[in-house]
Amino acid sequence: MTALLIGGIILLLFLIGFLFMNLAPDFGGTITNKHKEYFSKSPNYNNGKFINLGGVEMTMGFSKVVEMTVGFFKQQPNTVPDKSIPVEKIDSTEVAGYASPAPRLIWFGHSAFLLQIEGKNILIDPMFGDVPAPHPLLGGSRFSKSMPIEIEQLPHIDAIIYSHDHYDHLDYGSVMKLKDKVEAFYVPLGLGVHLEAWGIEHDRITELDWWDETTHDGLQLICTPAQHFSGRGLTDRGATLWASWVIKSDSTNIYFSGDSGYGGHFKEIGEKYGPFDFAMLECGQYNQLWIEIHMMPEETAQAAVDLKANLMMPIHWGAFKLAMHSWTDPVERVTKKAKELGVKVATPKIGEEIVLGDSASYPKEIWWETIQ
């Protein structure tokens, strides 16, 4: 009887998991053979999967899996803040009425930004959810109890740019709340399948391969390489492309790294499209076990040099625990290395504006020390 009961529980859990993965809308759409046929024209696609430059991939043998599992479940010091991270609130009327010629960005934590430039509102990787997972029980909550502004209070959005389809960047709940106020979506190859599954019309989505260029109402958008991977389920790793982005106006040149390990692509992008007025560079959720796909903080500072960035900001930290390092380790290490390399670093609070054009006034307060 005990064996039957245990077997029944296991079967029930398997059935629940199977139904959840096949019915929950959070997982997004499915790449079809027609998609694969189209992707096969890309030099970044091989044997039914997208690949990194030089074939770089995360090596994760059995010993690494064991070490990673033990690390996640082992008690680690200071991986989350002792209290909620402070958030500077934004007035919805002021956001809607922003008319300064100086471009500005507002950070929402992790890799999410509102960019206001030349009268346009651009959202970058707008993950506004509380948990970066397909279900709240499958992830840890955001470090801050609130957001600078609620989605419903945001003005009309001219465009959203996504870097890849992982849950901490492409969030189903956020998309569903945003989609009716967004004019256009710019994404790497394949990611549009998720947006279409969530009710966004095909003609509002532009998919690009690495080095493809397009324009949106005078802004130049360039899809550039990153060293990472993709996937929202158990069997779709590499099914869609991942990317970094260059955003150029007549007067301002901005770079957004998305998620990436360190590689020669930063120097190549810098030589082709730099120098950059501002670079948002991944710095968080790293470990030597997966160094191929997430930079270490010292590499983030070097990437800013490679890109010829006048001012950089560490992103991909300050919101979620997705690795074993302390929550302040990214910003502490990258600012130290950046000082050695002569790189200027912006460290805004969540919700604090970064106005470009006057590098002397960029936010650089060491605010995280007051929370530990």
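One structure accompanies this document, and this report is about it. Quick caveat, the model's predicted, so the values are computed rather than measured.

**Overview of the overall build of the protein**
Across its full length, the protein carries nine helices and 15 strands. The buried share among the 372 residues of the protein stands at 55%. Long-range pairs, those at least 24 residues apart, make up 70% of the contacts in the protein between residues at least 6 apart in sequence. For the protein, the computed accessible surface area is about 16,600 Å², with 56% contributed by carbon and sulfur atoms.

**Brief notes about the side chain of Arg204**
One can find Arg204 in the loop between α6 (192–197) and β8 (205–208). Residue Arg204 is classed as buried on the basis of its relative accessible area of 16%. Within the structure, the side chain of Arg204 is placed 2.8 Å from the side chain of Glu201, a separation counted as a polar contact. With residues up to four places along the chain from it excluded, the contact list for Arg204 reads Lys179, Val182, Glu183, Ala184 and Phe185.

**Some words on the packing of aromatic side chains**
If you walk through the whole model with that rule in mind, you get 19 aromatic pairs. With a centroid separation of 6.2 Å and 20° between ring planes, the pair formed by Trp317 and Trp327 is classed as stacked. Of this pair, Trp317 sits in the loop between β14 (312–315) and α9 (329–341) while Trp327 sits in the loop between β14 and α9; the two residues are 10 residues apart in sequence, bridging distant segments of the chain. The two residues Trp317 and Trp327 agree in class, both being buried.

**Observations concerning the sheet that holds β14**
Strand order in the open sheet made by the six strands is β9-β10-β11-β12-β13-β14, with mixed pairing throughout. Single-partner strands in this sheet number two, and they are β9 (213–216) and β14. Going across the sheet, the axis of each strand differs from the next one's by a mean of 20°, ignoring polarity. Docked against the sheet, helix α7 (residues 265–273) engages β9, β10 (219–224), β11 (244–248), β12 (253–256) and β13 (278–282), running at close to 15° with respect to β11.

**Considering empty space enclosed by the protein**
The full count for this structure, using the stated rule, is one cavity of 30 Å³ or more. In this model, the largest cavity occupies a volume close to 50 Å³. Looking at side-chain class alone, the lining of the largest cavity contains seven nonpolar, four polar and one charged residues.

**Things to note about the sheet that holds strand β6 (residues 157–161)**
With respect to topology, seven strands assemble into an open sheet ordered β8-β7-β6-β5-β4-β3-β15, the strand pairing being mixed. Each end of this open sheet is capped by a strand with a single partner; those strands are β8 and β15 (353–355). Averaged over neighbouring strand pairs, the angle between their axes works out to 20° when direction is ignored. Inspection of the sheet shows strand β4 (residues 113–117) paired to strand β5 (residues 120–124) by five bridges, in the antiparallel sense. The residue of β5 that forms the bridge with Gln116 is Asn121.

Rules used in this analysis
Residues numbered from 1 in each chain as written. Predicted model: local features only at pLDDT ≥ 70, side-chain atom pairs only at ≥ 80, totals over all residues. Heavy atoms only, no water. Helix = DSSP H or I, 4+ residues; strand = E, 2+ residues; numbered from the N terminus. Buried < 20%, exposed > 50% of the residue type's maximum accessible area, 1.4 Å probe, protein only. Contact = heavy atoms within 4.5 Å. Areas by Shrake-Rupley, 256 points an atom, 1.4 Å probe, with all protein chains shown as cover. Polar contact = N/O pair within 3.5 Å; in protein donor to acceptor, adjacent residues only side chain to side chain. Phe/Tyr/Trp six-rings, centres within 6.5 Å; stacked < 30°, edge-to-face > 60°. Pairing = 2+ DSSP bridges. Axes fitted to C-alpha atoms, helices over the stretch in contact; angles between N-to-C directions. 1 Å grid on protein atoms, 1.4 Å probe; cavity = no way out; pocket = protein on both sides within 12 Å on 5 of 7 lines; lining within 4 Å. Points joined across faces, edges and corners; volume = space filled by probe spheres on them. Nonpolar A, V, L, I, M, F, W, Y, C, P; charged D, E, K, R; others polar.

So yeah, pure geometry; function would need other evidence.
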